Amino acid sequence: MERRIPVVVIGDVKETDKICRALKASGINTAEITFRTPCAADAIRYAASAFPEMEIGAGTVINAEQCERAIASGARFVVSPGFSSGVADVCRAAGVPYYPGCATPTEIMAAVSAGFDVVKFFPADLYGGIKALKAFSSVFPHVRFIPTGGVSAENEAEFLSQKNVAAVGGTYLVKDALERFGGENE
Ligand code: 3PG
């Protein structure tokens, strides 16, 4: 898994190429394309075929139907803001990694019971950030987290230095990549 996962929101499938190129130019070889916009599945399909060297996944997947579409479009991992047993079942059947969202110990225990031990910690900033991660590490030493929500260029190093952090996620990575490299093909 890449240690920095850009949370990508695509308004028009035509933006996909520019965003993936900018991410690659900034050294990021993954993209979590979110089901917050109607073109998400098309954008995943485009990115997975045009950028086979990138690990293209689906984010904000909140039900089994979206998950089926994401995987059929080529998503190689699936992320949710919370835990969905329907999404978990689809991912398990397809052999696709699933990172459910958790913010509390009870939610982490539910995800672990369902067989998932790498979870998205969301919204990380509102649920205690680094302090919460340290507290989780003593009670859930085998669980690793992907803090997302409020992660930025300024605080990512601190998050990444936590021993139970597998990766960080955020929209800031897309914004930074586009600012630095978004104009190169225009
Ligand atoms: C997500 O879905 O992961 C969050 O909306 C990303 O939060 P951010 O915009 O603070 O990075």
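Keep in mind that this is a model prediction, so the values were computed, not measured. (Residues numbered from 1 in each chain as written. Predicted model: local features only at pLDDT ≥ 70, side-chain atom pairs only at ≥ 80, totals over all residues. Heavy atoms only, no water.)

## A look at the overall build of the protein
Okay, step 1: On a plain count of helices and strands, the protein comes out with 8 helices and 9 strands.
Okay, step 2: Relative to its length of 186 residues, the protein is compact, with a C-alpha radius of gyration of 16 Å against a globular reference of 16 Å.
Okay, step 3: Dimensions of the protein, computed from C-alpha atoms along their principal axes, come out at roughly 50 × 35 × 25 Å.
Okay, step 4: Residues counted as buried form 52% of the 186 residues belonging to the protein.
Okay, step 5: If you sum the accessible surface of the protein, you get close to 8,400 Å²; carbon and sulfur atoms cover 54% of it.
Okay, step 6: Here the protein holds 18 positive side-chain charges and 21 negative ones, and the gap between their average locations is 4 Å. (Helix = DSSP H or I, 4+ residues; strand = E, 2+ residues; numbered from the N terminus. Rg over C-alpha atoms; globule rule 2.2 N^0.38 Å. Buried < 20%, exposed > 50% of the residue type's maximum accessible area, 1.4 Å probe, protein only. Areas by Shrake-Rupley, 256 points an atom, 1.4 Å probe, with all protein chains shown as cover. Lys, Arg positive; Asp, Glu negative; His and termini not counted. Charge placed at Lys NZ, Arg CZ, Asp CG, Glu CD.)

## Side note on the packing of helix H3 (residues 64–72) against helix H4 (residues 85–94)
Okay, step 1: Two elements in contact, H3 and H4, have axes separated by 8 Å at closest approach and are oriented at 30 degrees. Regarding the angle of H3 to H4, the classification is roughly parallel. In the packing of H3 onto H4, the handedness of the crossing is right-handed. Between H3 and H4, the contacting residues are Ala64, Cys67, Glu68 and Ile71 on the first element and Gly86, Val87, Val90, Cys91 and Ala94 on the second.
Okay, step 2: The residue makeup of the contact of H3 with H4, split by class, is 7 nonpolar, 1 polar and 1 charged. (Axes fitted to C-alpha atoms, helices over the stretch in contact; angles between N-to-C directions. Parallel < 35°, antiparallel > 145°, perpendicular 65-115°, else oblique. Left-handed = near helix turned anticlockwise from the far one by under 90°. Contact = heavy atoms within 4.5 Å. Nonpolar A, V, L, I, M, F, W, Y, C, P; charged D, E, K, R; others polar.)

## Describing the packing of helix H1 (residues 15–25) against helix H2 (residues 40–50)
Okay, step 1: Remark: H1 packs on H2, axes separated minimally by 10 Å, with the N-to-C direction vectors making an angle of 50 degrees. With respect to their mutual orientation, H1 and H2 come out oblique. Crossing handedness for the pair H1 and H2: right-handed. Here Thr16, Asp17 and Cys20 of H1 come into contact with H2, specifically with Ala43, Tyr46 and Ala47.
Okay, step 2: Split by residue class, the contact of H1 with H2 holds 4 nonpolar, 1 polar and 1 charged.

## What about the pattern of salt bridges?
Okay, step 1: Considering all chains together, one arrives at 7 salt bridges under this definition.
Okay, step 2: Close ionic contact of Lys24 with Glu53 constitutes a salt bridge, the shortest N to O distance being 2.4 Å. Separated by 29 residues along the polypeptide, Lys24 in helix H1 and Glu53 in the loop between H2 and strand S3 (55–59) bring together distant segments of the chain.
Okay, step 3: Given the relative accessible area of 32%, Lys24 is considered partly exposed. (Salt bridge = Lys/Arg side-chain N within 4 Å of Asp/Glu carboxyl O.)

## Examining the nonpolar core
Okay, step 1: Ile33 and Val78 are the most contacted members of the largest nonpolar core, which has 55 residues in total.
Okay, step 2: Here the element with the most residues in this core is H2; it accounts for 5 residues.
Okay, step 3: Counting 8 residues, the second-largest nonpolar core is a separate cluster that includes Ile5, Phe77, Val118 and Ala166. (Core = buried A, V, L, I, M, F, W, Y, C linked by side-chain atoms within 4.5 Å.)

## Some details on unusual backbone geometry
Okay, step 1: A cis amide bond links Phe122 to the next residue, Pro123, at an omega of -10 degrees.
Okay, step 2: Its place among the elements puts Pro123 in the loop between strand S7 (118–121) and helix H6 (129–139).
Okay, step 3: A positive phi angle, close to 50 degrees, is found at Thr60, a residue other than glycine.
Okay, step 4: By the secondary structure assignment, Thr60 is in the loop between S3 and H3.
Okay, step 5: Residue Thr60 is classed as buried on the basis of its relative accessible area, which comes to 16%.

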